[in-house]
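Overview (structure and organization)
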Amino acid sequence: MHVNRIATWAFVLVLLGLGASPVAGAPEEEPAKRADDGTIVIREMLAIGRVSKGGRVAVFQDAVEAQLVAGTWKTPKAGDTLGLPGAEPKTWTRIEADEKGLFNDPALRGGYAVATVTLDEPAVMILNARGHRHLYVNGVPRGGDVYNHDLMRIAVALKKGANELLFKGGRGRMRVSLETPRAEVFIQVRDATQGHAVQIPDAGNVHSIGPTGLTVTNATNAWTTSLRLGTEKDSAGGQPFSLPPLGSQKVPAPTARSFPAPPLSMLEVERKNARHGIRCLLFGAASEEPLDAAELKFAYRAADEDHLRSFISDIDGSVQVFGVSPASSPDAKGLVLSCHGAGVNPMNQVGAYAPKDWCTVVAPTNRRAFGFDWEDWGRLDFLEVKREAERLFQPDPRLVHLTGHSMGGHGTWILGAQFPDRFGAIAPSAGWRDFWSYGGGASWNDPTPVQQMLERASNVSRTLLLDWNYEQSGIYVLHGDADNNVPVTQARFMRKHLAGFHRNFAYYEQPGAGHWWGNRCVDWPPLFQFLQNNPIPTPRSQEHVRFVTVNPAVSDRCHWVRVVSQLRSLMPSYVDAKWNLERRELELKCSNVMRLEIDLRPFTKEETIGRGDKQRTVVPLEPGKPIDLLVGKRRLLRDWPEDGILRLFGDPQEGWLPTGAVPAAQKNPHRAGPFKEAFRRRFLMVVGTKGTPEENAWALAKARYDGETWQYRGNGRAEIVRDTDFDPKATAGRNVILYGHREMNGAWSQALEQTEFDVARGRVQVGTKALEGDDLGCLFVYPRKDDKQALVGVIAGTGLPGMRTTTQMPIFLSGAGFPDWIVVGAEMPLQGSKGIRGAGFFDLFWKVGPDTAWSD
């Protein structure tokens with residue numbers, strides 16, 4: 001039945017008026033006009049208003065994309081119409097740029113625009129476009145610059161004759177030009193990720209610089225291998241890397257070093273002009289002479305000045321930065337992490353704070369100014385910066401706190417809920433609670449089983465599911481009562497919600513204040529006093545812990561309780577654990593927990609807890625004697641474990657049984673899915689080359705498009721290699737993303753065991769269920785067979801229509817939940833979630849189990 005669906009949907013597209021006129025028959029275009037330097041500026045396009053529906057969900061509806069998937073897309077003419085089923089059709093109309101080359105038209109707010117560029121000869125050119133979500137160059141997907149940040153310069157291949165540039169609009173404005181590349185392979189400094197040259201405390205005038213991230217672009221139609229980035233002082237450079245045809249990669253340059261700087265007295269006078277220069281060099285496979293060079297300039301910062309620091313991320317091997325507002329006293333022991341709002345950079349964030357005598361303020365980036373709303377990879381960036389800041393500044397482990405404004409206020413709510421024992425207090429300012437109250441979270445009134453899987457995949461973003469965890473931290477809520485961006489009702493809702501159970505929160509509304517009312521809305525003295533007064537409680541003092549997690553791979557512990565694995569993935573797992581230490585008795589109430597750990601070690605030491613008249617000295621547990629577990633009405637005697645960690649396995653008949661460490665073959669906090677989890681652990685993108693020419697071209701184009709999207713949204717590094725170059729030993733410990741089905745990607749058998757999920761040409765096998773046809777797109781995650789912690793993500797299709805359905809699935813959109821696996825049909829771009837054939841989560845043993853939903 002499924003074999004002919006693509007033909008059926010191609011016919012439906014015609015009936016809906018979605019097939020536009022072909023290029024053939026249209027008058028020939030004149031060759032594009034070039035400036036003296038060879039630049040071509042696009043000044044005229046055809047545009048159409050929004051013909052799509054989307055949100056923070058794994059699938060979408062888009063009339064243009066439906067044609068691209070079906071293979072029926074034709075370049076439109078003015079007056080042609082297009083629309084989704086049941087919606088009023090829109091019309092393609094001509095739009096023109098102003099004298100500066102700027103297009104400003106309502107159709108570009110989520111609509112599409114088409115430009116035609118005619119060349120006398122084929123050429124590789126550099127596309128300089130801003131304001132678009134993505135584009136297709138002669139049908140090939142490429143990354144965009146939706147926030148108009150002027151970050152992306154990508155190499156595109158243009159043929160002789162007419163070339164079509166199809167843009168998905170962003171926020172209503174767009175600029176487009178094509179430039180001649182200055183070299184076949186070259187360095188771009190425009191989007192460099194670099195810190196400052198920062199004075200080393202107590203080292204006189206010695207300053208230090210960290211690594212720098214630089215974009216290297218391949219402006220040829222061939223793979224370029226064995227490239228290296230070095231400097232004049234380190235010509236050997238870093239690790240070799242490869243670039244796919246027309247590809248780019250943001251690569252760490254070895255700029256880390258310490259050196260004497262000019263006298264501080266000179267810096268005080270000429271700080272704006274003083275720079276430390278480093279010349280970066282790009283070397284080829286066998287070249288002694290550099291292929292390209294770039295000059296980097298680093299501004300000097302004294303040890304007590306606000307500054308940026310850089311580091312290498314374990315997410316993808318890229319260079320990332322964070323802002324620092326140093327404490328005003330050398331005796332300061334506190335650390336406050338501050339999450340910025342949308343569009344704010346970390347230097348502006350720390351610049352809003354006056355120096356504090358008791359704490360250092362550190363601002364992570366969320367990977368970009370917009371980034372990931374402090375979720376997904378924004379969350380991972382936050383945790384990396386927290387670890388790096390703790391390493392550098394050595395704070396008192398109990399004096400670590402969290403705050404943030406606007407989007408960063410949301411970050412404070414969600415991070416504070418996910419990591420309840422990491423902060424003494426949290427303080428959201430002008431924060432929104434979750435995507436469903438503010439940011440377009442996906443939900444359905446009466447969800448189908450498949451839609452329920454998508455909703456469940458987003459549970460990690462549902463703040464209120466985690467509200468138990470707020471009991472572990474003090475909370476200060478700050479908001480302006482005239483906020484016209486994030487309504488004050490967001491704060492009032494949380495005040496009412498917390499009042500039902502929380503014993504330590506403060507709330508303040510600033511009368512007449514809007515969204516940003518100066519630095520005071522983040523640097524609010526009562527807020528900082530609240531933080532200072534609320535250290536993290538010791539684990540020993542917490543004799544009663546209530547903890548909830550949605551995914552142990554995100555959040556697995558609170559004080560002495562750790563959820564190791566779940567019965568049902570991404571459903572809330574609850575633990576209510578209460579000690580009666582005098583009786584050596586632990587009462588446990590758990591839900592959706594398969595494996596649990598109780599750390600007994602904090603209770604083996606005598607400690608004075610509480611304050612004032614509530615202060616008391618607690619008697620420690622004597623190691624070696626059994627522990628009584630109370631589970632409901634049952635009493636279970638468990639021996640004291642040798643290492644002091646009681647590991648329990650939930651058995652429906654016997655209750656909590658003693659067990660050892662979780663086997664690597666089972667889901668656990670280090671490796672549990674869902675699909676997005678594959679894009680971490682320095683993931684490597686591997687494209688298939690064993691298929692048909694069309695299949696191989698798709699794999700390369702999709703990987704390159706994902707890499708460009710990752711670089712733009714996540715300031716990330718996307719390493720792409722061919723399956724023929726994949727080396728399991730050299731990439732040990734890294735996650736792998738396979739592009740292409742089993743028959744076309746030669747790395748499939750090297751990275752994956754025989755699984756219950758198989759994708760081949762014309763067929764998908766999920767457990768015992770088989771689907772056939774060339775119109776099926778598939779994403780799934782599975783353990784890497786030669787590693788105990790690494791994952792493999794697969795993006796594949798049963799044929800070209802199926803492969804093309806995956807192109808615009810929003811992997812890097814924060815809050816868009818993907819389950820462990822999903823299969824979509826080529827009808828999805830018209831039907832949205834109704835076009836999902838199946839979705840689900842693997843069980844504890846990575847098998848297809850009960851958490852599976854099918855559309856038929």
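Heads up: the structure comes first, above all this text.
Cut-offs used in this document
Residues numbered from 1 in each chain as written. Predicted model: local features only at pLDDT ≥ 70, side-chain atom pairs only at ≥ 80, totals over all residues. Heavy atoms only, no water. Helix = DSSP H or I, 4+ residues; strand = E, 2+ residues; numbered from the N terminus. Polar contact = N/O pair within 3.5 Å; in protein donor to acceptor, adjacent residues only side chain to side chain. Contact = heavy atoms within 4.5 Å. Pairing = 2+ DSSP bridges. Axes fitted to C-alpha atoms, helices over the stretch in contact; angles between N-to-C directions. Phe/Tyr/Trp six-rings, centres within 6.5 Å; stacked < 30°, edge-to-face > 60°. Lys NZ or Arg CZ within 6 Å of the ring centre and 35° of its normal. Buried < 20%, exposed > 50% of the residue type's maximum accessible area, 1.4 Å probe, protein only. 1 Å grid on protein atoms, 1.4 Å probe; cavity = no way out; pocket = protein on both sides within 12 Å on 5 of 7 lines; lining within 4 Å. Points joined across faces, edges and corners; volume = space filled by probe spheres on them. Nonpolar A, V, L, I, M, F, W, Y, C, P; charged D, E, K, R; others polar. Expected span 1.5 Å × (residues − 1). Core = buried A, V, L, I, M, F, W, Y, C linked by side-chain atoms within 4.5 Å. Right-handed = clockwise from strand over helix to strand, strands pointing away.

Turning our attention to the side chain of Asn128. For Asn128, the location among the structural elements is in strand β10 (residues 123-130). Within the structure, Asn128 has its side chain in polar contact with the side chain of Arg153 (distance 3.0 Å). At 3.2 Å, the side chain of Asn128 and the side chain of Glu179 are in polar contact. Aside from chain neighbours lying at most four places away, what touches Asn128 is Asp150, Met152, Arg153, Arg175, Val176, Ser177 and Glu179.

This part takes up the sheet that holds strand β7 (residues 93-96). Ordered by their spatial adjacency, six strands build an open sheet running β7-β2-β9-β14-β11-β12, and the pairing between neighbours is antiparallel. Of all strands in the sheet, those bounded by a partner on one side alone are β7 and β12 (140-143). Neighbour to neighbour, the strand axes of the sheet diverge by 30° on average, direction disregarded. Where strand β2 (residues 44-48) meets β7, four bridges bridge the pair, whose relative direction is antiparallel. Residue pairing in the sheet places Leu46 in a bridge with Arg94 of β7.

Counting across every chain of the model gives 35 aromatic pairs. Consider the rings of Phe679 and Phe812, whose centres lie 5.2 Å apart with planes at 80°: the pair is edge-to-face. Separated by 133 residues along the polypeptide, Phe679 in the loop between β45 (655-658) and β46 (684-687) and Phe812 in the loop between α13 (800-805) and β54 (821-825) bring together distant segments of the chain. Each member of the aromatic cluster is reached from another via a ring pair, and the members are Phe372, Trp377, Phe675, Phe679, Phe683, Trp710, Phe812 and Phe818. Here the basic side chain of Lys356 rests over the ring of Phe528, its NZ or CZ set 4.6 Å away from the ring centre. One cation-aromatic arrangement involves Lys667 over Trp846; the distance from NZ or CZ to the ring centre is 5.1 Å.

We now examine helix α2 (residues 63-70). Counting buried positions over the eight residues of α2 gives eight, a clear majority of the element. What α2 keeps buried is the set Ala63, Val64, Glu65, Ala66, Gln67, Leu68, Val69 and Ala70. Capping the start of α2 is the job of one residue whose side-chain oxygen sits 2.9 Å from the backbone nitrogen of Val64: Asp62. Positive phi appears at Gly71, one or two residues downstream of α2, with a value of about 80°.

Here we take up empty space enclosed by the protein. A probe matching the size of a water molecule, rolled over the atoms, marks out where space remains unfilled. Applying the stated criterion to the full structure yields eight cavities of 30 Å³ or more. What lines the largest cavity is a set of 19 residues, among which Asp376, Val460, Pro674, Lys676 and Glu677 lie closest to the centre. Ranked by residue count, the leading element in the lining of the largest cavity is helix α5 (residues 377-393), at three residues. Considering only residue class, the lining of the largest cavity consists of nine nonpolar, five polar and five charged.

Note the cis peptide between Gly673 and Pro674, where omega equals 5°. When you line up the elements, Pro674 lands in the loop between β45 and β46. Of note, the phi angle at Asp150 is positive, near 60°, even though the residue is not glycine. With respect to the helices and strands, Asp150 occurs in the loop between β12 and β13 (154-158).

Helix length check: helix α11 (residues 693-714), at 22 residues, gives a terminal C-alpha distance of 31 Å against a target of 32 Å (1.5 Å per residue), a fit within 8%. Counting buried residues in α11 gives 19 out of 22 residues, a clear majority hidden from the surface.

On to the pairing of strand β27 (residues 319-325). The element β27 is largely enclosed, with a buried count of seven among its seven residues. In this sheet, β27 lies alongside strand β26 (residues 307-312) in antiparallel orientation, the contact comprising six bridges. Opposite Arg309, over in β27, you have Phe322 as the bridge partner. Between the end of β26 and the start of β27, which pair antiparallel, lie six residues, with Gly317 showing a positive phi angle near 75°. Pairing geometry for β27 and strand β29 (residues 359-363), over three bridges, is antiparallel. Residue Gly323 lies in a different strand from β29, and its bridge partner there is Ala363.

Before going further, it helps to examine the nonpolar core. Formed by 110 residues in total, the largest nonpolar core has its most connected members in Phe679, Phe757 and Ile822. Leave out the neighbours within four places in its chain, and Ile822 touches Ala58, Val59, Leu454, Gly777, Cys778, Leu779, Met809, Ile836, Gly838 and Ala839. One finds Ile40, Ala47, Leu119 and Val146 within the second-largest nonpolar core, a separate group that totals 30 residues.

Here β46 shows no split at all, with Leu684 and Val686 on one side and Met685 and Val687 on the other all buried. Here four bridges tie β46 to strand β47 (residues 719-722), and the two strands are oriented parallel to one another. Considered in β47, the bridge of Leu684 is made with Glu719. After leaving β46, the chain enters α11 and then returns to the sheet as β47, a path that is right-handed. Judged from the four bridges that link them, β46 and strand β48 (residues 736-739) form a sheet pairing that is parallel.

Moving on to the sheet that holds β48. Pairing between the strands of a sheet comes from backbone hydrogen bonds, and it takes one of two forms, parallel or antiparallel. Spatial strand order, β47-β46-β48-β53-β52-β54-β55-β56: eight strands in an open sheet with mixed pairing. Both outer strands of the open sheet, β47 and β56 (848-854), are each paired with one neighbouring strand and no more. Within this sheet the neighbouring strands show an average axis-to-axis angle of 15°, counted without direction. Packing of α11 onto the sheet brings it into contact with β46, β47, β48 and β53 (791-797), and relative to β46 it is tilted by some 160°.

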